[in-house]
Amino acid sequence: MTSAKQVAANRENAKKSTGPKTPETRELTKMNALRHGLTGQVNLMPTEDREAHDKFCAGLVESLAPEGNLEIQFAQSIAEDNWRMNRGRAIETNMLVFGPSQPNTGHAQIDSAITAAQVFSEDPRKFQLLSLYMQRTNRDMQKTLDRLTAMQSERKARRQQDLEELAALLEYNEIKHLPVEQAETKGANGFVFSIYEVQAFVTRRRRLKQAQIAEIRHSERHRGKQPAPKHLLTRAA
């Protein structure tokens, strides 16, 4: 049990605790510091920006459907580059709002146009630098997107190859009247499927073959031709 002496000591220590004293440190305490789950890097953002950033990036990453750490890294880079480009566009728009002097023609749209022209004429180099930044970001994003697309295409091709091989092995087991439990579920490329996934693939492939044969026969009857001999038609397994 905490004694009265310990309580008093704790109170004295609490009085000695120091918070942010300088304006700079007080500003930092307003920031939302987050250690990135994938990269381990610490990113500082105002809380409102953090929420908008995370929601925006999460949506883009999900739409890219990455699998594995490397694909997730590429997808995260693409999302963050898109965030940077949107931020650059917002900065450009905001820069044009405030001029060295605020015109007053009595017409809001004319005043806005004059202000934008004044801002640009005062320091066009700022806009050039911002444009270069956005172009570089866009190039980086496009390169990463190309790499991610190529990686995903290769992964999907290897997965399809494994599924087709496992389907062929399952059909062989059926011919040999082997138990379903003996069917292989891991392909040569390392992709693992449930036996139900393999069976569903086999069933769908058989139905597609049957549909193709039915379409050929229907087309021949419609044209008044004799049906092709059965041995010329692809046999549905």
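Keep in mind it's a predicted model, so treat the numbers as computed, not measured.

### Quick look at the side chain of Gln-152
Inference 1: Relative to the elements of secondary structure, Gln-152 occurs in helix H6 (residues 124–175).
Inference 2: On the basis of relative accessibility, which here comes to 11%, the residue Gln-152 falls in the buried class.
Inference 3: Engagement of the side chain of Gln-152 in a polar contact is seen with the backbone oxygen of Ala-65, the distance being 3.2 Å.
Inference 4: The residues contacting Gln-152, other than those within four sequence positions of it, are Leu-64, Ala-65, Pro-66 and Glu-71.

### Concerning the packing of aromatic side chains
Inference 1: By the definition in use, this model includes two aromatic pairs.
Inference 2: Measuring from centroid to centroid gives 5.9 Å for Phe-56 and Trp-83, while their planes differ by 55°, and the two rings are tilted. With Phe-56 in helix H3 (residues 47–64) and Trp-83 in helix H4 (residues 68–95), this pair connects stretches of sequence that are 27 residues apart.
Inference 3: According to the relative accessible area criterion, Phe-56 is partly exposed, its value standing at 28%.
Inference 4: An angle of 50° between the planes, with centres 5.1 Å apart, marks the rings of Phe-120 and Phe-127 as tilted.
Inference 5: According to the relative accessible area criterion, Phe-120 is partly exposed, its value standing at 43%.
Inference 6: Phe-127 sits in the buried class, given a relative accessible area of 7%.

### Comments concerning the confidence of the model for the protein chain
Inference 1: Scored by pLDDT, the protein chain comes out at a mean of 81, with 75% of its residues at no less than 70.
Inference 2: Across residues 14–20, where pLDDT falls below 50, the model places three contacts with residues more than four positions away in sequence or in other chains.

Criteria and thresholds
- As a convention, each chain's residues are numbered from 1 in the sequence order in which they are written.
- Local features in a predicted model are, by the rule used here, given only for residues with pLDDT of at least 70; side-chain atom pairs are given and counted only at 80 or more, and totals for whole chains, interfaces and linings are based on all residues.
- In computing side-chain properties, one takes all heavy atoms of the structure into account and sets aside hydrogens as well as water.
- Only DSSP runs of H or I with at least four residues qualify as helices, and only runs of E with at least two residues qualify as strands; both kinds are numbered from the N terminus onward.
- Relative accessible area decides the class of each residue, using a 1.4 Å probe on protein chains only: under 20% of the type maximum gives buried, over 50% gives exposed, and in between gives partly exposed.
- N or O atoms closer than or at 3.5 Å make up a polar contact, with two conditions inside protein: a donor-capable atom paired with an acceptor-capable one, and, for residues adjacent in sequence, both atoms drawn from side chains.
- Any two residues whose heavy atoms approach within 4.5 Å at even a single point are treated as in contact.
- Centres within 6.5 Å are what make two rings of Phe, Tyr or Trp a pair, Trp counting through its six-membered ring; a difference in plane orientation under 30 degrees is then read as stacked, over 60 as edge-to-face, and the rest as tilted.
- The score called pLDDT rates the predictor's confidence residue by residue, from a low of 0 to a high of 100.

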